[in-house]
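Observations on the three-dimensional arrangement
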Amino acid sequence: MTEAILLVGGKGTRLRPLTVHTPKPMVPAAGVPFLTHQLARARAAGVEHIVLATSYLAEVFEPYFGDGSSLGLHIEYVTEAEPLGTGGAIRNVASRLHSAPDDPVLIFNGDILTGLDIPALVATHQSWGADVSLHLTRVEDPRAYGLVPTDTSGRVQAFLEKPQTAEEIVTDQINAGAYVFRRSVIDTIPAGRPVSVERETFPDLLSSGAHLQGMVDSTYWLDLGTPQAFVRGSADLVLGRAPSPAVPGRCGDCLVLPSATVAPDAKLTAGTVVGEDATIGSGARISGSTILAGAVVAPGAIITDSLIGARAQVGTRSILTGVVVGDGATVGPDNELREGVRVWCDAVLPAGAVRFSSDQ
(Lines give C-alpha, C1' and ligand atoms only; values in the text may rest on other atoms or scores of the structure.)
Protein backbone atom coordinates (compact mmCIF):
# COMPACT_ATOMS: atom_id res chain seq x y z
CA MET A 1 0.00 0.00 0.00
CA THR A 2 1.76 3.12 -1.23
CA GLU A 3 -1.13 5.39 -2.28
CA ALA A 4 -3.68 7.38 -0.33
CA ILE A 5 -6.55 9.80 -0.87
CA LEU A 6 -7.06 12.52 1.71
CA LEU A 7 -10.49 14.18 1.77
CA VAL A 8 -9.96 17.87 2.61
CA GLY A 9 -12.83 19.58 0.77
CA GLY A 10 -15.21 20.32 3.64
CA LYS A 11 -16.18 23.88 4.60
CA GLY A 12 -15.70 23.29 8.32
CA THR A 13 -18.87 25.21 9.17
CA ARG A 14 -18.94 23.90 12.76
CA LEU A 15 -15.49 25.41 13.29
CA ARG A 16 -16.33 28.94 12.19
CA PRO A 17 -14.91 31.56 12.63
CA LEU A 18 -11.68 29.53 12.52
CA THR A 19 -12.49 28.48 8.96
CA VAL A 20 -13.62 31.84 7.55
CA HIS A 21 -10.21 32.45 5.97
CA THR A 22 -8.62 29.01 6.42
CA PRO A 23 -9.80 25.55 5.34
CA LYS A 24 -10.24 23.23 8.31
CA PRO A 25 -7.23 20.98 7.58
CA MET A 26 -4.98 24.07 7.45
CA VAL A 27 -5.93 25.43 10.89
CA PRO A 28 -2.79 25.04 13.04
CA ALA A 29 -2.75 22.26 15.63
CA ALA A 30 0.37 21.92 17.79
CA GLY A 31 2.19 24.55 15.75
CA VAL A 32 1.59 23.30 12.20
CA PRO A 33 -1.47 22.94 9.94
CA PHE A 34 -3.46 19.93 11.13
CA LEU A 35 -3.05 18.32 7.72
CA THR A 36 0.70 18.11 8.34
CA HIS A 37 0.14 15.58 11.12
CA GLN A 38 -1.98 13.39 8.86
CA LEU A 39 0.50 13.53 6.00
CA ALA A 40 3.42 12.70 8.32
CA ARG A 41 1.61 9.71 9.82
CA ALA A 42 0.70 8.41 6.36
CA ARG A 43 4.33 8.70 5.27
CA ALA A 44 5.47 6.88 8.41
CA ALA A 45 3.11 4.04 7.46
CA GLY A 46 4.72 3.65 4.03
CA VAL A 47 2.53 5.88 1.86
CA GLU A 48 4.48 7.57 -0.94
CA HIS A 49 1.80 9.14 -3.15
CA ILE A 50 -1.13 11.15 -1.79
CA VAL A 51 -3.93 12.81 -3.72
CA LEU A 52 -5.65 15.67 -1.89
CA ALA A 53 -9.33 16.00 -2.79
CA THR A 54 -9.90 19.73 -2.30
CA SER A 55 -12.86 22.08 -2.67
CA TYR A 56 -13.30 24.89 -0.11
CA LEU A 57 -10.42 27.41 -0.27
CA ALA A 58 -8.57 24.89 -2.45
CA GLU A 59 -5.95 27.45 -3.46
CA VAL A 60 -4.41 27.38 0.04
CA PHE A 61 -3.04 23.84 0.03
CA GLU A 62 -0.50 23.67 -2.80
CA PRO A 63 1.44 26.87 -1.94
CA TYR A 64 2.08 25.41 1.52
CA PHE A 65 2.84 21.75 0.76
CA GLY A 66 4.04 21.98 -2.84
CA ASP A 67 4.85 18.62 -4.35
CA GLY A 68 5.21 17.07 -0.89
CA SER A 69 8.93 16.39 -1.20
CA SER A 70 9.69 18.14 2.11
CA LEU A 71 7.63 15.41 3.80
CA GLY A 72 9.05 12.61 1.66
CA LEU A 73 5.83 12.38 -0.34
CA HIS A 74 4.54 12.99 -3.83
CA ILE A 75 1.36 15.08 -3.44
CA GLU A 76 -1.17 15.85 -6.15
CA TYR A 77 -4.17 18.15 -5.88
CA VAL A 78 -7.62 17.69 -7.42
CA THR A 79 -10.21 20.44 -6.93
CA GLU A 80 -13.95 19.80 -7.21
CA ALA A 81 -15.84 22.37 -9.26
CA GLU A 82 -18.88 21.62 -7.08
CA PRO A 83 -18.84 19.76 -3.73
CA LEU A 84 -19.19 16.05 -4.43
CA GLY A 85 -19.46 14.54 -0.95
CA THR A 86 -17.11 11.92 0.42
CA GLY A 87 -17.80 9.23 -2.19
CA GLY A 88 -17.91 11.66 -5.07
CA ALA A 89 -14.60 13.15 -4.00
CA ILE A 90 -12.97 9.71 -3.93
CA ARG A 91 -14.26 8.92 -7.42
CA ASN A 92 -13.22 12.34 -8.71
CA VAL A 93 -9.52 11.69 -8.02
CA ALA A 94 -9.42 8.09 -9.23
CA SER A 95 -7.62 8.96 -12.46
CA ARG A 96 -4.61 10.18 -10.47
CA LEU A 97 -4.00 6.80 -8.83
CA HIS A 98 -1.34 4.45 -10.14
CA SER A 99 -2.33 1.29 -8.23
CA ALA A 100 -3.30 -1.96 -9.93
CA PRO A 101 -6.97 -3.07 -9.69
CA ASP A 102 -6.42 -5.33 -6.66
CA ASP A 103 -4.04 -3.02 -4.82
CA PRO A 104 -5.11 -1.38 -1.54
CA VAL A 105 -5.63 2.40 -1.43
CA LEU A 106 -5.79 4.20 1.90
CA ILE A 107 -8.51 6.84 2.27
CA PHE A 108 -8.99 9.12 5.24
CA ASN A 109 -10.96 12.17 6.29
CA GLY A 110 -9.17 15.46 6.83
CA ASP A 111 -10.64 16.20 10.26
CA ILE A 112 -9.81 13.11 12.32
CA LEU A 113 -6.93 12.97 14.81
CA THR A 114 -6.13 9.35 15.46
CA GLY A 115 -3.47 6.95 16.65
CA LEU A 116 -4.72 4.32 14.19
CA ASP A 117 -2.25 1.56 13.36
CA ILE A 118 -2.40 2.10 9.59
CA PRO A 119 -0.27 -0.95 8.64
CA ALA A 120 -2.55 -3.14 10.79
CA LEU A 121 -5.62 -1.87 8.90
CA VAL A 122 -3.93 -2.66 5.57
CA ALA A 123 -2.87 -6.10 6.84
CA THR A 124 -6.44 -6.82 7.96
CA HIS A 125 -7.73 -5.78 4.54
CA GLN A 126 -5.31 -8.04 2.71
CA SER A 127 -5.62 -11.05 5.00
CA TRP A 128 -9.41 -11.12 4.60
CA GLY A 129 -9.33 -10.32 0.87
CA ALA A 130 -11.81 -7.53 1.55
CA ASP A 131 -13.21 -5.10 -0.97
CA VAL A 132 -13.23 -2.31 1.61
CA SER A 133 -11.90 -2.28 5.16
CA LEU A 134 -12.95 0.29 7.73
CA HIS A 135 -11.33 1.62 10.87
CA LEU A 136 -13.89 1.32 13.65
CA THR A 137 -13.63 2.78 17.12
CA ARG A 138 -15.82 2.47 20.20
CA VAL A 139 -17.48 5.48 21.83
CA GLU A 140 -19.59 5.85 24.96
CA ASP A 141 -22.36 7.82 23.25
CA PRO A 142 -22.68 6.83 19.59
CA ARG A 143 -25.80 8.89 18.78
CA ALA A 144 -23.84 11.50 16.81
CA TYR A 145 -22.12 8.92 14.62
CA GLY A 146 -22.80 6.17 12.12
CA LEU A 147 -22.92 2.74 13.78
CA VAL A 148 -21.18 -0.22 12.13
CA PRO A 149 -22.15 -3.59 13.65
CA THR A 150 -19.92 -6.54 12.71
CA ASP A 151 -20.03 -10.30 13.17
CA THR A 152 -17.56 -12.26 15.29
CA SER A 153 -15.01 -12.24 12.46
CA GLY A 154 -15.26 -8.46 12.01
CA ARG A 155 -17.26 -8.59 8.78
CA VAL A 156 -19.56 -5.56 8.50
CA GLN A 157 -23.27 -6.37 8.83
CA ALA A 158 -24.92 -2.97 8.39
CA PHE A 159 -24.52 0.81 8.41
CA LEU A 160 -26.86 2.63 10.78
CA GLU A 161 -26.75 6.41 10.56
CA LYS A 162 -26.98 8.42 13.81
CA PRO A 163 -29.41 6.38 15.96
CA GLN A 164 -31.72 8.35 18.25
CA THR A 165 -33.44 5.72 20.39
CA ALA A 166 -31.98 3.12 22.75
CA GLU A 167 -33.37 0.34 20.55
CA GLU A 168 -31.42 1.64 17.55
CA ILE A 169 -28.11 1.58 19.39
CA VAL A 170 -27.10 -2.01 18.63
CA THR A 171 -23.35 -1.45 18.95
CA ASP A 172 -20.86 1.10 20.26
CA GLN A 173 -18.70 0.69 17.14
CA ILE A 174 -18.62 3.71 14.84
CA ASN A 175 -17.13 4.56 11.48
CA ALA A 176 -13.86 6.29 12.41
CA GLY A 177 -13.18 7.87 9.02
CA ALA A 178 -10.28 5.82 7.64
CA TYR A 179 -10.64 3.12 4.99
CA VAL A 180 -8.71 0.82 2.71
CA PHE A 181 -10.36 0.32 -0.70
CA ARG A 182 -9.52 -2.28 -3.29
CA ARG A 183 -8.50 0.01 -6.17
CA SER A 184 -11.11 -1.41 -8.56
CA VAL A 185 -13.94 -0.66 -6.11
CA ILE A 186 -13.30 3.06 -6.42
CA ASP A 187 -14.29 2.91 -10.10
CA THR A 188 -17.74 1.56 -9.17
CA ILE A 189 -18.66 4.85 -7.43
CA PRO A 190 -20.85 6.99 -9.74
CA ALA A 191 -18.87 9.82 -11.35
CA GLY A 192 -19.80 13.46 -11.75
CA ARG A 193 -22.37 13.78 -8.97
CA PRO A 194 -22.44 14.07 -5.17
CA VAL A 195 -22.12 10.71 -3.42
CA SER A 196 -21.93 9.97 0.30
CA VAL A 197 -19.62 7.06 0.98
CA GLU A 198 -21.33 6.53 4.34
CA ARG A 199 -24.95 6.72 3.16
CA GLU A 200 -24.69 5.39 -0.39
CA THR A 201 -21.42 3.69 -1.32
CA PHE A 202 -21.00 1.42 1.70
CA PRO A 203 -24.67 0.33 1.97
CA ASP A 204 -24.79 -0.34 -1.78
CA LEU A 205 -21.61 -2.42 -1.63
CA LEU A 206 -23.01 -4.37 1.30
CA SER A 207 -26.32 -5.08 -0.46
CA SER A 208 -24.44 -6.27 -3.55
CA GLY A 209 -22.56 -8.88 -1.52
CA ALA A 210 -19.19 -7.13 -1.38
CA HIS A 211 -16.87 -7.99 1.51
CA LEU A 212 -16.58 -5.07 3.93
CA GLN A 213 -14.29 -5.76 6.85
CA GLY A 214 -14.14 -3.78 10.08
CA MET A 215 -11.09 -3.40 12.31
CA VAL A 216 -11.66 -2.04 15.79
CA ASP A 217 -8.72 0.07 16.89
CA SER A 218 -9.44 1.86 20.16
CA THR A 219 -6.28 3.92 20.39
CA TYR A 220 -6.55 7.72 20.45
CA TRP A 221 -9.38 9.05 18.25
CA LEU A 222 -10.94 12.50 18.08
CA ASP A 223 -13.25 14.17 15.56
CA LEU A 224 -11.98 17.76 15.32
CA GLY A 225 -15.26 19.13 14.01
CA THR A 226 -15.95 21.60 16.83
CA PRO A 227 -13.75 24.38 18.24
CA GLN A 228 -13.63 22.66 21.63
CA ALA A 229 -12.50 19.39 20.06
CA PHE A 230 -9.91 21.15 17.89
CA VAL A 231 -8.37 22.92 20.89
CA ARG A 232 -8.32 19.65 22.83
CA GLY A 233 -6.71 17.81 19.92
CA SER A 234 -3.95 20.39 19.62
CA ALA A 235 -3.27 20.18 23.35
CA ASP A 236 -3.20 16.38 23.23
CA LEU A 237 -0.61 16.51 20.45
CA VAL A 238 1.59 18.79 22.56
CA LEU A 239 1.13 16.63 25.65
CA GLY A 240 2.00 13.48 23.70
CA ARG A 241 -1.39 11.87 24.19
CA ALA A 242 -2.03 11.89 20.43
CA PRO A 243 0.86 10.56 18.31
CA SER A 244 2.40 12.60 15.50
CA PRO A 245 5.91 12.80 14.05
CA ALA A 246 5.16 16.38 12.90
CA VAL A 247 4.99 18.21 16.26
CA PRO A 248 7.72 20.91 15.89
CA GLY A 249 9.35 20.38 19.27
CA ARG A 250 9.36 18.17 22.32
CA CYS A 251 6.11 16.99 23.84
CA GLY A 252 5.45 18.66 27.17
CA ASP A 253 3.25 21.12 29.03
CA CYS A 254 3.47 23.75 26.30
CA LEU A 255 4.85 24.44 22.86
CA VAL A 256 6.25 27.90 22.10
CA LEU A 257 7.36 28.49 18.54
CA PRO A 258 10.79 30.16 18.24
CA SER A 259 9.64 33.59 17.05
CA ALA A 260 7.03 34.00 19.82
CA THR A 261 7.61 36.28 22.82
CA VAL A 262 6.51 35.08 26.25
CA ALA A 263 6.96 37.13 29.43
CA PRO A 264 9.10 35.31 32.04
CA ASP A 265 6.30 35.27 34.61
CA ALA A 266 3.54 34.12 32.22
CA LYS A 267 2.28 30.61 32.94
CA LEU A 268 1.59 28.21 30.06
CA THR A 269 0.15 24.78 30.90
CA ALA A 270 -1.92 21.78 29.76
CA GLY A 271 -0.66 21.62 26.17
CA THR A 272 -0.88 25.31 25.34
CA VAL A 273 0.58 26.39 21.98
CA VAL A 274 1.97 29.86 21.26
CA GLY A 275 2.35 30.45 17.53
CA GLU A 276 4.85 32.37 15.45
CA ASP A 277 5.32 36.04 16.35
CA ALA A 278 2.64 35.86 19.06
CA THR A 279 3.17 37.84 22.27
CA ILE A 280 2.18 36.78 25.79
CA GLY A 281 2.23 39.54 28.41
CA SER A 282 3.39 39.58 32.01
CA GLY A 283 1.35 37.51 34.46
CA ALA A 284 -0.88 35.99 31.78
CA ARG A 285 -2.13 32.48 32.54
CA ILE A 286 -2.93 30.25 29.58
CA SER A 287 -4.10 26.64 29.98
CA GLY A 288 -4.92 24.08 27.28
CA SER A 289 -5.24 26.79 24.63
CA THR A 290 -3.92 27.67 21.19
CA ILE A 291 -2.61 31.17 20.46
CA LEU A 292 -2.14 31.55 16.72
CA ALA A 293 0.46 33.52 14.78
CA GLY A 294 0.81 37.21 15.59
CA ALA A 295 -1.81 37.21 18.35
CA VAL A 296 -1.28 39.37 21.44
CA VAL A 297 -2.34 38.36 24.94
CA ALA A 298 -2.07 41.34 27.29
CA PRO A 299 -0.69 41.22 30.84
CA GLY A 300 -2.92 39.56 33.40
CA ALA A 301 -5.25 37.87 30.91
CA ILE A 302 -6.48 34.37 31.80
CA ILE A 303 -7.26 32.01 28.91
CA THR A 304 -8.46 28.42 29.35
CA ASP A 305 -9.36 25.81 26.69
CA SER A 306 -9.68 28.51 24.04
CA LEU A 307 -8.34 29.37 20.61
CA ILE A 308 -7.12 32.87 19.80
CA GLY A 309 -6.96 33.52 16.07
CA ALA A 310 -4.11 34.98 14.04
CA ARG A 311 -3.37 38.63 14.83
CA ALA A 312 -6.19 38.75 17.42
CA GLN A 313 -5.78 40.65 20.67
CA VAL A 314 -6.93 39.82 24.20
CA GLY A 315 -6.89 42.75 26.62
CA THR A 316 -5.56 43.12 30.13
CA ARG A 317 -7.39 41.12 32.83
CA SER A 318 -9.84 39.57 30.37
CA ILE A 319 -10.91 36.01 31.25
CA LEU A 320 -11.73 33.58 28.43
CA THR A 321 -12.91 30.01 29.04
CA GLY A 322 -13.89 27.71 26.16
CA VAL A 323 -13.91 30.60 23.68
CA VAL A 324 -12.92 31.07 20.05
CA VAL A 325 -11.60 34.47 18.97
CA GLY A 326 -11.46 34.87 15.19
CA ASP A 327 -8.54 36.19 13.16
CA GLY A 328 -7.87 39.89 13.71
CA ALA A 329 -10.51 40.31 16.42
CA THR A 330 -10.00 42.43 19.54
CA VAL A 331 -11.27 41.53 22.99
CA GLY A 332 -10.76 44.64 25.08
CA PRO A 333 -9.63 44.72 28.72
CA ASP A 334 -11.82 43.36 31.54
CA ASN A 335 -14.09 41.18 29.42
CA GLU A 336 -15.30 37.84 30.73
CA LEU A 337 -16.24 35.28 28.05
CA ARG A 338 -17.45 31.77 28.79
CA GLU A 339 -18.05 28.41 27.11
CA GLY A 340 -19.29 28.52 23.53
CA VAL A 341 -18.68 32.20 22.78
CA ARG A 342 -17.35 32.83 19.27
CA VAL A 343 -15.93 36.27 18.55
CA TRP A 344 -16.01 36.76 14.78
CA CYS A 345 -13.04 37.75 12.67
CA ASP A 346 -12.07 41.44 13.01
CA ALA A 347 -14.82 42.08 15.59
CA VAL A 348 -14.05 44.52 18.41
CA LEU A 349 -15.31 44.10 21.97
CA PRO A 350 -14.74 47.31 23.97
CA ALA A 351 -13.35 47.20 27.48
CA GLY A 352 -15.72 45.47 29.91
CA ALA A 353 -18.34 44.91 27.19
CA VAL A 354 -19.25 41.32 28.17
CA ARG A 355 -19.24 39.98 31.72
CA PHE A 356 -20.78 37.16 33.74
CA SER A 357 -19.88 38.62 37.11
CA SER A 358 -19.79 42.02 38.79
CA ASP A 359 -17.05 44.42 37.76
CA GLN A 360 -16.18 44.98 41.41
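Conventions we followed
- Residues numbered from 1 in each chain as written.
- Predicted model: local features only at pLDDT ≥ 70, side-chain atom pairs only at ≥ 80, totals over all residues.
- Heavy atoms only, no water.
- Phe/Tyr/Trp six-rings, centres within 6.5 Å; stacked < 30°, edge-to-face > 60°.
- Buried < 20%, exposed > 50% of the residue type's maximum accessible area, 1.4 Å probe, protein only.
- Helix = DSSP H or I, 4+ residues; strand = E, 2+ residues; numbered from the N terminus.
- Salt bridge = Lys/Arg side-chain N within 4 Å of Asp/Glu carboxyl O.
- UniProt positions renumbered as here; feature names shortened; annotations may be inferred.

**Concerning the packing of aromatic side chains**
To describe a pair of aromatic rings, you give the distance between the ring centres and the angle between the ring planes. A full pass over the atoms with the stated rule returns 6 aromatic pairs. With a centroid separation of 4.8 Å and 70° between ring planes, the pair formed by Tyr-64 and Phe-65 is classed as edge-to-face. For Tyr-64, a relative accessible area of 47% puts it in the partly exposed group. Phe-65 sits in the buried class, given a relative accessible area of 7%. Look at Tyr-179 and Phe-202: their rings are 5.1 Å apart centre to centre, the planes differ by 75°, and that puts the pair in the edge-to-face class. Pair noted here: Tyr-179 is in strand S11 (residues 173-182) and Phe-202 is in helix H6 (residues 197-207), with a separation of 23 residues, a long-range link.

**Here we look at helix H1 (residues 34-44)**
Across the 11 residues of H1, 9 count as buried, placing the element largely inside the fold. Listed in full, the buried residues belonging to H1 are Phe-34, Leu-35, Thr-36, His-37, Gln-38, Leu-39, Ala-40, Arg-41 and Ala-42. Positive backbone phi, at 105°, marks Gly-46, one or two positions downstream of H1.

**Description of the pattern of salt bridges**
Here the structure, examined in full by the defined rule, presents 13 salt bridges. The salt bridge involving Glu-336 is made with Arg-338; its shortest N-O contact spans 3.6 Å. Overall, the relative accessible area of 10% leaves Glu-336 in the buried class. Residue Arg-338 is classed as partly exposed on the basis of its relative accessible area of 40%. One network of salt bridges, in which partners are shared, links Asp-102, Asp-131 and Arg-182.

**A look at the UniProt feature "domain: Mannose-1-phosphate guanyltransferase C-terminal" (unreviewed entry) in the chain**
Mapped onto this numbering, the UniProt entry annotates "domain: Mannose-1-phosphate guanyltransferase C-terminal" (unreviewed entry) at residues 252-351. Between the first and last C-alpha atoms of residues 252-351 the distance is 34 Å; the span itself is 0% helix and 40% strand.

**What about the side chain of His-125?**
By the element assignment, His-125 lies in helix H4 (residues 118-128). Residue classification places His-125 among the buried residues on the basis of a relative accessible area of 3%.

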